[in-house]
Amino acid sequence: MIPVSSHTRRHRHPAAFGTALLVAAGLAGVTGPAAAASAAPAHASAAPAASAVTLAATSRPMLRQGSRGAAVSTLQTRLTALHYDVGGVDGIFGPSTHHAVVAFQKVNGLVRDGIVGPRTWAALDRPVVPKPKYTHSGYSVEANLTRQVVYLAKGGAVVRILDASSGKASTPTPTGTWTVQRRIDGWRQSDLGLLWRPNYFYRGYALHGATSVPTYPASHGCVRVPVPAMNRLWATIGVGTPVHVYR
C-alpha cells in the first residue's frame, strides 16, 4: 500500500463538450435561411454576442430528476466519462443520474442540489479530477468523509465515484485503514439500521446500500451508498478489498 498525493486537477474539455451539447440540442451547424432570418440587422453590433448567449442557454437546459431527452444523454455520457456512477446512458434523469450529479457537485464544491444549471454545466467543462490517496494493484475503496463520496480505485486511479452519506456527528464513522472482513448478500437489520448488501470493514461498520442517501452525514456510523450503486459495485469488491476512510 503506497500513499500518494491527494492533489486534484482540473481538465479542460470545453470545445469538445460544448460541441456535443450543441449536437444533442440539434443546434450545431445551423445555417441557411432559418439562421439568417433570426439574425439581427448588420448595424446592431451587439447581436453576435446576444445570439451566442441564447445558443449557449438553449444547448445547456436546466436539468433535474424527471428530465428526459438528448441533453440528459449528453449529461450522462459526460458523467460516465468522468467515472461517476450514472448506471447507464438512457436519456432519463432518474435517481442514479441524480446521485451522480450530487456526487459531482460534492467533488467540485458546488451546491448539492442535484440540479444541472449554469454552474454545474460550467464545472463539467473544467471538472476537478480526484485521485486516490492510496495505491493498490487491485481494487480498493476510499470513503472521503469531507466530500461525502466513495471512490473505487485501481492502480492509482479513481475508476468510479459514488454518492455517499457517512455517520452524523453523534455517531461518526471511524477513520482508518482496513479490509472488507465479511459480507452479506441481502438485507441486514442491525443496531446501526437496515443495511443492503453490507461490506463490513471494522466491527459493525460497513459500506452498504441504503434507500436514503442524503447530501450530508446522516448515518449511524456506516457509509451509505444508493441501493442500485451497491448492486453495481457488489461483484467488483469482495472480502479482502482494502478500505480507507479519511477526512
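Going by the structure above, here's the rest.
For the structure given in this document, a descriptive report is provided here.

Focus on the overall build of the protein chain
Moving on, step 1. Across its full length, the protein chain carries 7 helices and 14 strands.
Moving on, step 2. Here the protein chain holds 247 residues, and 45% of them are scored as buried.
Moving on, step 3. In the protein chain, the share of contacts with a sequence separation of at least 24, taken over all contacts with a separation of at least 6, comes to 59%.
Moving on, step 4. Total accessible area on the protein chain is roughly 11900 Å²; 58% of this is exposed by carbon and sulfur atoms.

So, unusual backbone geometry
Moving on, step 1. One non-glycine residue with positive phi stands out, namely Arg 197, at about 50°.
Moving on, step 2. According to the relative accessible area criterion, Arg 197 is buried, its value standing at 16%.
Moving on, step 3. Although it is not a glycine, Arg 203 sits at a positive phi angle of roughly 50°.
Moving on, step 4. By the secondary structure assignment, Arg 203 is in the loop between strand S11 (193–202) and strand S12 (205–210).

Some details on the packing of aromatic side chains
Moving on, step 1. What the rule picks out here adds up to 5 aromatic pairs.
Moving on, step 2. On the numbers, 5.5 Å between centres and 35° between planes, the contact of Trp 178 with Phe 201 is tilted. Of this pair, Trp 178 sits in strand S8 (residues 176–179) while Phe 201 sits in strand S11, and the two are 23 residues apart along the sequence. In this pair, the class of Trp 178 matches that of Phe 201, namely buried.
Moving on, step 3. Three or more aromatic residues link up through ring pairs in this structure, and these residues are Trp 178, Phe 201, Tyr 202 and Tyr 205.
Moving on, step 4. Geometry around Tyr 246 places Lys 133 over its ring, the cationic atom sitting 4.8 Å from the centre.
Moving on, step 5. When the ring centre of Trp 234 is taken as origin, the NZ or CZ atom of Arg 183, which lies over that ring, is 3.6 Å away.

Quick look at the pattern of salt bridges
Moving on, step 1. All told, the structure shown has 4 salt bridges when counted by the stated rule.
Moving on, step 2. As a salt-bridge pair, Asp 163 and Lys 106 come within 2.5 Å of each other at their nearest N and O atoms. Of this pair, Asp 163 sits in strand S7 (residues 157–163) while Lys 106 sits in helix H5 (residues 95–107), and the two are 57 residues apart along the sequence.
Moving on, step 3. Accessibility expressed as a relative area gives 3% for Lys 106, which makes it buried.

Examining the nonpolar core
Moving on, step 1. Core analysis: the biggest nonpolar cluster contains 25 residues, and Leu 63, Leu 75, Leu 79, Tyr 84 and Ile 161 have the highest contact counts within it.
Moving on, step 2. Taken together, the elements giving at least two residues each to this core come down to helix H4 (70–81), H5, helix H6 (118–125), strand S6 (149–154) and S7.
Moving on, step 3. The biggest single contributor to this core is H5, with 5 residues.
Moving on, step 4. Those residues in contact with Leu 79 that sit more than four places away from it in its chain are Tyr 84, Val 86, Ala 100, Val 101, Phe 104 and Leu 124.
Moving on, step 5. One finds Val 150, Trp 196, Val 225 and Leu 233 within the second-largest nonpolar core, a separate group that totals 22 residues.

Quick word on H4
Moving on, step 1. A rise of 1.5 Å per residue sets the reference length of H4, with its 12 residues, at 16 Å; its end C-alpha atoms lie 17 Å apart and thus fit the reference within 8%.
Moving on, step 2. Turning to H4, its buried residues are Ala 71, Val 72, Thr 74, Leu 75, Gln 76, Arg 78 and Leu 79.
Moving on, step 3. The positive-phi residue at the C-terminal boundary of H4 is His 83, with phi of around 75°.

Here's the deal with the sheet that holds S7
Moving on, step 1. Read from one edge of the open sheet, 5 strands run S7-S6-S5-S14-S8, paired in mixed fashion. One side of each edge strand has no neighbouring strand; the edge strands of this open sheet are S7 and S8. Geometrically, the sheet is characterised by an average inter-axis angle of 20° between neighbouring strands, direction not taken into account.
Moving on, step 2. Strand direction decides the pairing type here: S8 and strand S14 (residues 242–246), joined by 4 bridges, are antiparallel. Looking across to S14, one finds that Thr 177 is bridged to His 244.

About the thresholds
- Residues numbered from 1 in each chain as written.
- Predicted model: local features only at pLDDT ≥ 70, side-chain atom pairs only at ≥ 80, totals over all residues.
- Heavy atoms only, no water.
- Helix = DSSP H or I, 4+ residues; strand = E, 2+ residues; numbered from the N terminus.
- Buried < 20%, exposed > 50% of the residue type's maximum accessible area, 1.4 Å probe, protein only.
- Contact = heavy atoms within 4.5 Å.
- Areas by Shrake-Rupley, 256 points an atom, 1.4 Å probe, with all protein chains shown as cover.
- Phe/Tyr/Trp six-rings, centres within 6.5 Å; stacked < 30°, edge-to-face > 60°.
- Lys NZ or Arg CZ within 6 Å of the ring centre and 35° of its normal.
- Salt bridge = Lys/Arg side-chain N within 4 Å of Asp/Glu carboxyl O.
- Core = buried A, V, L, I, M, F, W, Y, C linked by side-chain atoms within 4.5 Å.
- Expected span 1.5 Å × (residues − 1).
- Pairing = 2+ DSSP bridges.
- Axes fitted to C-alpha atoms, helices over the stretch in contact; angles between N-to-C directions.

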